[in-house]
Amino acid sequence: MAQKLYIKTFGCQMNEYDSAKMADVLAAADGMQTTADPAEADVIVFNTCSVREKAQEKVFHDLGRVKHLKQARPGLLIGVGGCVASQEGAAIVARAPYVDVVFGPQTLHRLPALLEARRRTGKAQVDISFPEIEKFDRLPPAQRVGVSAFVSIMEGCSKYCSFCVVPYTRGEEVSRPFEDVLTEVAELALSGAKEVTLLGQNVNAYRGHVGGAGGDDARESADFALLLEYVAEIPGIERIRYTTSHPKDFTQRLIDAYGSIPKLASHVHLPLQSGSDRVLAGMKRGYTTLEYKSIIRRLRAVRPDISISSDFIVGFPGETQSDFEATMKLVGELGFDDSFSFLYSPRPGTPAAELADATPLPVKKERLALLQAQIEAQAGAVSHAMIGSAQQVLVEGAAKKYSGELCGRSSNNRTVNFAGPPELIGRMVEVQITAALAHTLRGEYRVPPSGGECRVPPPVGENRVPPPVGECRVPPPAGECRLVE
Ligand code: SAM
Ligand code: F3S
């Protein structure tokens with residue numbers, strides 16, 4: 001019988017992607033199948049995050065909760081991967097000796113070998129090295145491909161913002177070769193993906209070698225705008241998203257791409273962090289609010305309906321009331337859509353963790369609540385403004401809350417629920433928005449007009465014309481059968 005794998009993922013989309021790759025690697029090497037129940041697992045993996053909070057403590061707490069399973073299943077192996085593993089390394093095994101393997105984000109492809117070595121030697125295995133891009137060369141193709149797929153185009157970060165642990169846990173920026181990315185996207189498209197989200201800490205710092213991964217130093221490199229152009233040409237790909245981009249690398253070429261590539265979704269997630277230039281300098285973000293505003297102005301000039309979301313940190317050391325007010329003012333001025341905001345969390349080993357911080361926690365929490373209320377109000381206004389509009393929705397599957405309905409996402413990243421036949425899953429369809437709820441929209445599927453695809457073959461003898469052969473791909477929802485003029 002196939003062995004079972006249970007993975008618990010903490011943190012960002014990058015970690016979600018890495019967890020899927022861990023499952024792929026173990027399925028390809030050992031035929032392992034995933035399970036949602038840790039009690040029936042042969043291997044348990046925690047894919048950890050250390051960007052905020054006392055992540056280390058959370059991991060040890062969760063590890064303690066599965067430790068007893070080893071008594072019931074003596075062959076059970078426990079692994080810790082991700083950023084906490086990368087930071088703590090062998091210290092994890094020293095503190096929790098029942099942990100069998102520790103591996104970092106860059107060595108997840110070595111998981112089968114690490115588990116095998118643990119079984120063979122009886123000794124815990126730790127590998128948190130940064131073998132650059134080797135990981136991508138060793139990963140098998142994805143097991144399950146949905147309508148919307150993720151593709152990692154680069155690893156790590158070289159920006160060293162003063163508050164952030166990522167450059168230390170994931171290493172410096174390394175881009176995947178250009179052709180490798182295109183091949184992976186083409187394979188995903190052949191397996192049914194219609195949308196790709198290109199992933200990286202700073203995707204717009206992408207510099208992928210063109211002409212294979214050989215040793216030729218004179219090779220050219222492609223920037224992110226060029227990559228987008230090529231991805232858009234891949235047959236089957238209908239929509240392109242990416243996350244996260246950085247204001248410092250947001251070139252005019254990337255802005256122009258919004259004018260020339262209609263497949264680029266009308267949504268950009270562009271972390272600002274603070275609306276105060278003084279705080280931005282302390283964060284070592286490498287841009288001013290004026291520069292940030294200029295990017296947004298130019299983006300809106302080429303794509304007027306573009307939705308902009310962002311990340312904010314509240315309570316960075318030394319943030320004054322007027323710094324915070326500058327953030328609130330800019331949030332309103334730039335009309336940000338749904339965004340993330342966090343309380344500053346000192347990260348061991350980062351420069352900002354050494355800074356004096358006189359602001360009391362209750363004051364920081366109050367500021368965070370004000371910012372979140374403002375962002376929520378603005379996101380609600382964007383949703384309400386969409387009522388009555390026709391949106392291109394990529395149908396992802398059955399709606400979670402509404403039985404018998406479908407759900408998909410609009411170009412500006414809203415979840416839209418609507419009634420429609422299951423045959424629409426995997427297709428880009430037009431949906432008229434009818435209502436805006438707290439976090440989702442409701443809509444009505446619009447059957448394409450004549451010459452379109454959704455005609456029910458009429459009963460024989462009635463004065464209706466059947467569609468040309470091959471055109472009737474999707475029947476319309478019950479009761480919507482229309483006479484062809
Ligand atoms: N690459 C992205 C960028 O351009 O900023 C950010 C990636 S980071 C992993 C995701 C978000 O976590 C950041 O944008 C920041 O808002 C937040 N973050 C990172 N370190 C943090 C800290 N020490 N305390 C609070 N939030 C933090
Ligand atoms: Fe972190 Fe700044 Fe990089 S937030 S991921 S060091 S861009």
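Each value, and the rule that gives it
Residues numbered from 1 in each chain as written. Chains lettered and ligands numbered in written order. Predicted model: local features only at pLDDT ≥ 70, side-chain atom pairs only at ≥ 80, totals over all residues. Heavy atoms only, no water. Phe/Tyr/Trp six-rings, centres within 6.5 Å; stacked < 30°, edge-to-face > 60°. Helix = DSSP H or I, 4+ residues; strand = E, 2+ residues; numbered from the N terminus. Buried < 20%, exposed > 50% of the residue type's maximum accessible area, 1.4 Å probe, protein only. Lys NZ or Arg CZ within 6 Å of the ring centre and 35° of its normal. Near = heavy atom within 4 Å. Areas by Shrake-Rupley, 256 points an atom, 1.4 Å probe, with all protein chains shown as cover. Nonpolar A, V, L, I, M, F, W, Y, C, P; charged D, E, K, R; others polar. Pairing = 2+ DSSP bridges. Axes fitted to C-alpha atoms, helices over the stretch in contact; angles between N-to-C directions. Contact = heavy atoms within 4.5 Å. pLDDT = per-residue confidence, 0-100. Salt bridge = Lys/Arg side-chain N within 4 Å of Asp/Glu carboxyl O. Expected span 1.5 Å × (residues − 1). Arc of directions from axis to C-beta.

Throughout the structure, instances matching the rule amount to ten aromatic pairs. Ring centres of Phe 10 and Phe 46 lie 6.5 Å apart, and the angle between their planes is 40 degrees; on these two criteria the pair is classed as tilted. Pair noted here: Phe 10 is in the loop between β1 (4-9) and α1 (13-30) and Phe 46 is in strand β3 (residues 43-48), with a separation of 36 residues, a long-range link. For Phe 46, a relative accessible area of 3% gives the class buried. Ring pairs connect the aromatic residues Tyr 287, Tyr 292, Phe 312 and Phe 336, which therefore count as one cluster. The cationic tip of Arg 95 hangs over the ring face of Phe 60; the distance from NZ or CZ to the ring centre is 3.9 Å. Its end group placed over the ring of Tyr 402, Arg 442 keeps NZ or CZ at 4.0 Å from the ring centre.

With that settled, consider the site of ligand 1. Neighbouring ligand 1 are 19 residues, the closest being Gln 201, Gln 273, Arg 285, Asp 311 and Ser 345. Relative to its free-state accessible area of 560 Å², ligand 1 is covered by the protein chains to the extent of 92%. Of all elements in the fold, only β16 (311-314) and β17 (340-343) reach the threshold of two or more residues within the shell around ligand 1. Its residues assigned to classes, the shell around ligand 1 comprises eight nonpolar, seven polar and four charged.

What follows deals with the sheet that holds strand β13 (residues 239-243). The strand order β7-β10-β13 describes an open sheet built from three strands, whose pairing is parallel. Of all the strands in the sheet, just β7 (148-152) and β13 have a single pairing partner and so form its edges. The mean inter-strand angle of the sheet, taken between neighbouring strand axes irrespective of direction, is 25 degrees. In the sheet, strand β10 (residues 195-199) pairs with β13 via five bridges, with the strands oriented parallel. When the sheet's bridge partners are listed, Glu 195 is paired in β13 with Arg 239. Along the sheet, α1 contacts β7, β10 and β13; its crossing angle with β7, the most-contacted strand, is approximately 95 degrees.

Before going further, it helps to examine the environment of Leu 139. Positionally, Leu 139 belongs in the loop between α7 (134-138) and β7. The exposure class of Leu 139 is buried, given its relative accessible area of 15%. Sequence-wise, Leu 139 and Ala 28 are 111 residues apart; in three dimensions their C-alpha atoms are separated by 9.2 Å. If we ignore the near neighbours within four places in the chain, the residues touching Leu 139 are Lys 21, Val 25, Leu 108 and His 109.

What follows covers unusual backbone geometry. Here Thr 243 and Thr 244 are connected by a cis peptide whose omega angle stands at -5 degrees. Relative to the elements of secondary structure, Thr 244 occurs in the loop between β13 and α11 (252-260). Even without glycine at this site, Gln 273 takes up a positive phi of about 80 degrees. Summarising the element assignment, Gln 273 is placed in the loop between β14 (267-269) and α12 (277-283).

A few words now on the pairing of β13. Regular strands have side chains that alternate between both faces of the sheet. Taking burial as the measure, the five residues of β13 include five buried ones, the bulk of the element. Of the two faces of β13, both are covered, the one formed by Arg 239, Arg 241 and Thr 243 as well as the one formed by Ile 240 and Tyr 242.

In this section: the confidence of the model for the protein. Per-residue confidence for the protein gives a mean pLDDT of 89; residues scoring 70 or more make up 90%. Predicted confidence is poor over residues 452-485, with pLDDT under 50, and the contacts of this stretch with residues over four places away or in other chains come to 51 contacts.

Here we take up the site of ligand 2. Around ligand 2 lies a shell formed by Cys 157, Lys 159, Tyr 160, Cys 161, Phe 163, Cys 164, Val 166, Pro 167, Gln 201, Asn 202, His 246 and Arg 285. Split by residue class, the shell around ligand 2 holds seven nonpolar, three polar and two charged.

All right, on to the pattern of salt bridges then. Tallying each qualifying case throughout the model produces 29 salt bridges. We note a salt bridge from Arg 110 to Asp 127, for which the minimum N-O separation is 2.6 Å. One end of the pair, Arg 110, is in the loop between β5 (101-103) and α6 (111-121); the other, Asp 127, is in strand β6 (residues 125-127), and 17 residues separate them in sequence. In the salt-bridge network here, residues are joined through shared partners; they are Glu 195, Arg 239, Arg 241, Glu 396 and Arg 409.

Turning to helix α9 (residues 178-190), a few remarks are in order. An α-helical turn contains 3.6 residues, so any two residues separated by three or four positions project in the same direction. With 13 residues, α9 should reach 18 Å at 1.5 Å per residue; the first-to-last C-alpha distance of 19 Å fits that figure. Those residues of α9 that sit buried are Phe 178, Val 181, Leu 182, Glu 184, Val 185, Leu 188 and Ala 189. Viewed end-on, α9 has its buried residues packed into an arc of 160 degrees, placing them on one side of the element. Directly after α9, the chain includes Gly 192, whose backbone phi takes a positive value near 115 degrees.

Residue position: Gln 378 is located in helix α15 (residues 361-385). When residues no more than four places from it in sequence are discounted, the contact partners of Gln 378 are Val 331, Gly 332, Gly 335 and Phe 336.

Our focus in this paragraph is the side chain of Thr 289. For Thr 289, the position within the fold is in helix α13 (residues 289-302). Ignoring sequence-local partners within four residues, the contact set of Thr 289 consists of Ser 274, Gly 275, Ser 276, Asp 277, Leu 280 and Leu 330.

Pairing between the strands of a sheet is mediated by backbone hydrogen bonds and can be parallel or antiparallel. Strand order in the open sheet formed by six strands is β2-β1-β3-β4-β5-β6, with parallel pairing between adjacent strands. Two strands lie at the open edges of the sheet, namely β2 (33-34) and β6, each paired on one side alone. Relative to β6, β5 runs parallel, the two being bridged by three bridges. Across the sheet, the residue bridging to Val 102 is Val 126, located in β6. Across the sheet, α1 is in contact with β1, β2, β3 and β5; its angle to β1 comes to roughly 170 degrees. On top of the sheet, α6 reaches β3, β4 (77-81), β5 and β6; it is set at about 155 degrees to β5, its chief contact.

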